[in-house]
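# Examining the three-dimensional arrangement
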Amino acid sequence: QVQLVESGGGSVQPGGSLRLSCATSGSGFSLLVMRWYRQVPGKQRELVAHISTEGITIHADFVKGRFTISRDNNKNTVYLQMNRLKPEDTAVYYCKAIRGLTEYWGQGTQVTVSS
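The following refers to the structure shown. Here the structure is a predicted model, which is why all the values come from computation and not from measurement. Each chain has its residues counted from 1, following the order in which its sequence is written. At least 70 in pLDDT is required for a residue's local features to be given in this predicted model, at least 80 for side-chain atom pairs to be given and counted, and no such filter applies to totals for whole chains, interfaces and linings, which use all residues. Hydrogens are left out, water is left out, and the side-chain values use all remaining heavy atoms of the structure.

### Digging into the overall build of the protein
Our working rule: Strands here are runs of E lasting at least two residues and helices are runs of H or I lasting at least four, both read from the DSSP assignment and numbered beginning at the N terminus. Put simply, the radius of gyration uses C-alpha atoms, and a globule should come to 2.2 Å times the residue count raised to 0.38. Using a 1.4 Å probe on the protein chains alone, a residue whose accessible area is under 20% of its type maximum counts as buried, one over 50% counts as exposed, and one in between counts as partly exposed.
Looking only at helices and strands, the protein features zero helices and 11 strands. N-terminal to C-terminal, the α/β element order of the protein is β-β-β-β-β-β-β-β-β-β-β. Taken against the 2.2 N^0.38 rule, which gives 13 Å for 115 residues, the C-alpha radius of gyration of the protein at 13 Å falls within 12% of a compact globule. With 115 residues in all, the protein has 42% of them scored as buried.

This is how it looks when you write it as structure tokens:
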């Protein structure tokens, strides 16, 4: 069983930065594929970024050049560095861990970008 706890959300002005963290419990973090998603009310959850077990990253087009996913296998944590934030980045951000056919979700953290 893997438990995920997101942190680092909050309110920020447009152009600001936040770093989200997703700490995991349980063993085998290095074997987990990790992803960040986001969701706004009334819309489907969308994939923001992905990092493989080897550290290969993929970012959605709408965050490329602004957001960066990374992982620290020594701390069992995945990060999402968010720079140049826009109002449309406002959402609840979730991390997901994937091991084989099993998925685990965190509880989400709110990010609000507003002046």
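Past the structure itself, the notes keep going.
### Comments concerning unusual backbone geometry
Phi at Asn76 takes a positive value of approximately 55 degrees, unusual for a residue other than glycine. Residue position: Asn76 is located in the loop between strand 7 (67-72) and strand 8 (77-82).

### Brief notes about the side chain of Thr24
As for its position among the elements, Thr24 is in strand 3 (residues 18-25). Taking the relative accessible area as the measure of exposure, Thr24 reaches 12% and is therefore buried.

### What about the nonpolar core?
How we decide: Throughout, nonpolar core names a set of buried Ala, Val, Leu, Ile, Met, Phe, Trp, Tyr and Cys residues whose side chains join them through atoms within 4.5 Å.
One finds Met34, Trp36, Leu80, Met82 and Tyr93 to be the most contacted residues of the largest nonpolar core, which totals 28 residues. For this core, the secondary-structure elements that each account for two or more residues are strand 3, strand 4 (33-39), strand 5 (46-51), strand 7, strand 8, strand 9 (91-99) and strand 11 (109-113). Looking at this core, the element that brings in the most residues is strand 9, giving four residues.

### A closer look at the packing of aromatic side chains
Selection criterion: A pair of aromatic rings is counted whenever rings of Phe, Tyr or Trp (Trp by its six-membered ring) have centres within 6.5 Å, and the orientation is called stacked for planes under 30 degrees apart, edge-to-face for over 60 and tilted otherwise. The criterion for a charge sitting over a ring is simple: Lys NZ or Arg CZ within 6 Å of the ring centre, and within 35 degrees of the ring normal.
Tallied over the full model, the rule gives two aromatic pairs. In this structure an aromatic cluster arises from ring pairing among Tyr37, Tyr94 and Trp105. Just above the ring of Phe29 sits the side chain of Arg71; from NZ or CZ to the centre is 4.6 Å.

### Quick word on the environment of Val2
As a reminder of what qualifies: Throughout, a contact is declared for two residues whenever any of their heavy atoms are within 4.5 Å.
Note that Val2 resides in the segment before strand 1 (3-7). Taking the C-alpha atoms as reference points, Val2 and Pro87, separated by 85 residues in sequence, lie 32 Å from one another. Aside from chain neighbours lying at most four places away, what touches Val2 is Thr24, Ser25, Leu32, Ala97, Arg99 and Tyr104.

### Things to note about the pattern of salt bridges
To keep things clear, this is the line we draw: Only one rule defines a salt bridge in this text: a Lys or Arg side-chain nitrogen within 4 Å of an Asp or Glu carboxyl oxygen.
All chains considered together, the criterion is met by five salt bridges. Here Glu46 and Arg38 are joined by a salt bridge, their closest N and O atoms 2.8 Å apart. Through salt bridges with shared partners, one network takes in Arg38, Glu46, Arg66 and Asp89.

### Observations concerning the pairing of strand 11
Formally: At least two bridges found by DSSP between two strands is the condition for calling them paired.
Every second residue of strand 11 is oriented toward a common face, the buried set being Thr109, Val111 and Val113 and the non-buried set Gln110 and Thr112. Summarising the sheet, strand 2 (residues 10-12) and strand 11 pair through three bridges and their orientation is parallel. Counted as the bridge partner of Gly10 is Val111 from strand 11. Pairing of strand 9 with strand 11, which is carried by three bridges, proceeds in the antiparallel orientation. Residue pairing for strand 11: Tyr93 is matched across the bridge by Thr109.

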